[in-house]
Amino acid sequence: MTGSNKGIGYAIVRGLCKQFDGDVYLTSRKDDLGKEAIKSLNSEGLSPKFHQLDITDQASIGRLKDFLQKTYGGLDILVNNAGIAYKLNSTAPFAEQAEVTIKTNYFGTLAVCEALFPLLRPHARVVNVSSMVSTFVIRRCSEEVKSKFLNNKLSVAELTNLMKDFIHATKNDSHKRKGYPSSAYGMSKVGVSVLTEIQHRLLSADPREDIVINSCCPGYVDTDMTSHKGHKTIDQGADTPLYLALLPPGTKSPNGNFVSERKITQSF
């Protein structure tokens, strides 16, 4: 469970501790914040475990992979929740916002997947936490750009090049001319949603049985990321990710989909 010392990630850990018959790992970039979250959940009678993880640090990802491989030999559930968003009133240049946001939300998520997917056991469940913002933003792309993202034969390498192209275009302020919208967070989540579709295609051809992957929108949740303006509680926000993480064996649908309020959304 990436990015889980607070907010939606914390609530997903809480739900998994109550519903999943196995060890649940809460991760965070900073040890002290992660351990504080563990103590808080312990006070509720829950027993998650902790491991440090910074999804923008390849060495940190590698340590987690080695630990899981040595300790468990595999992985049953992976929830990619870690992410960042600049505030609307941020004075940071848009090019900086684009590079930093996509580095975490897209490239960090991709790095975790590349490291941990080899550990997925048959019947594993993967949840990539995206956002409904991605569905709005893809519609604001030019038809040419949209067609590239929605190409059902797109590879991970090609998607990565599109994300890099967007970042590069923001640096000389040519992104609008090239057909990209001015939303760093939205574009990062377009990357996550499209990545999920590609990963589904690849996992469907994998010899390991019944590995299911979906992306989802938790909704507008009262967290630090929304400046506590969201109308949902963190437990309400955790509902759809938990539903996807605990899909029963043999699930055919949802699989490779974008899901909101436990329902498949056709936007991706």
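See the structure above.
Residues numbered from 1 in each chain as written. Predicted model: local features only at pLDDT ≥ 70, side-chain atom pairs only at ≥ 80, totals over all residues. Heavy atoms only, no water.

A. Inspection of the layout of surface pockets at higher detail. Approximately 360 Å³ is the volume found for the second largest pocket. Asp23, Val24, Tyr25, Leu75 and Ile77 are the residues nearest the centre of the second largest pocket, which is lined by 21 residues in total. Breaking the lining of the second largest pocket down by element, the ones donating at least two residues are strand E1 (25–28), helix H3 (58–71) and strand E3 (75–80). For the lining of the second largest pocket, the class distribution of residues is 14 nonpolar, 4 polar and 3 charged. (1 Å grid on protein atoms, 1.4 Å probe; cavity = no way out; pocket = protein on both sides within 12 Å on 5 of 7 lines; lining within 4 Å. Points joined across faces, edges and corners; volume = space filled by probe spheres on them. Helix = DSSP H or I, 4+ residues; strand = E, 2+ residues; numbered from the N terminus. Nonpolar A, V, L, I, M, F, W, Y, C, P; charged D, E, K, R; others polar.)

B. Quick peek at the pattern of salt bridges. According to the stated counting rule, one finds 11 salt bridges in the structure shown. Residue arginine 121 pairs with aspartate 76 through a salt bridge whose shortest N-O separation is 2.9 Å. Within this pair, whereas arginine 121 is found in strand E4 (residues 120–129), its partner aspartate 76 is found in strand E3, the two being separated by 45 residues in sequence. Assessed through its relative accessible area of 31%, aspartate 76 is described here as partly exposed. Residues joined in a network through salt bridges with shared partners are Arg14, Glu44 and Asp235. (Salt bridge = Lys/Arg side-chain N within 4 Å of Asp/Glu carboxyl O. Buried < 20%, exposed > 50% of the residue type's maximum accessible area, 1.4 Å probe, protein only.)

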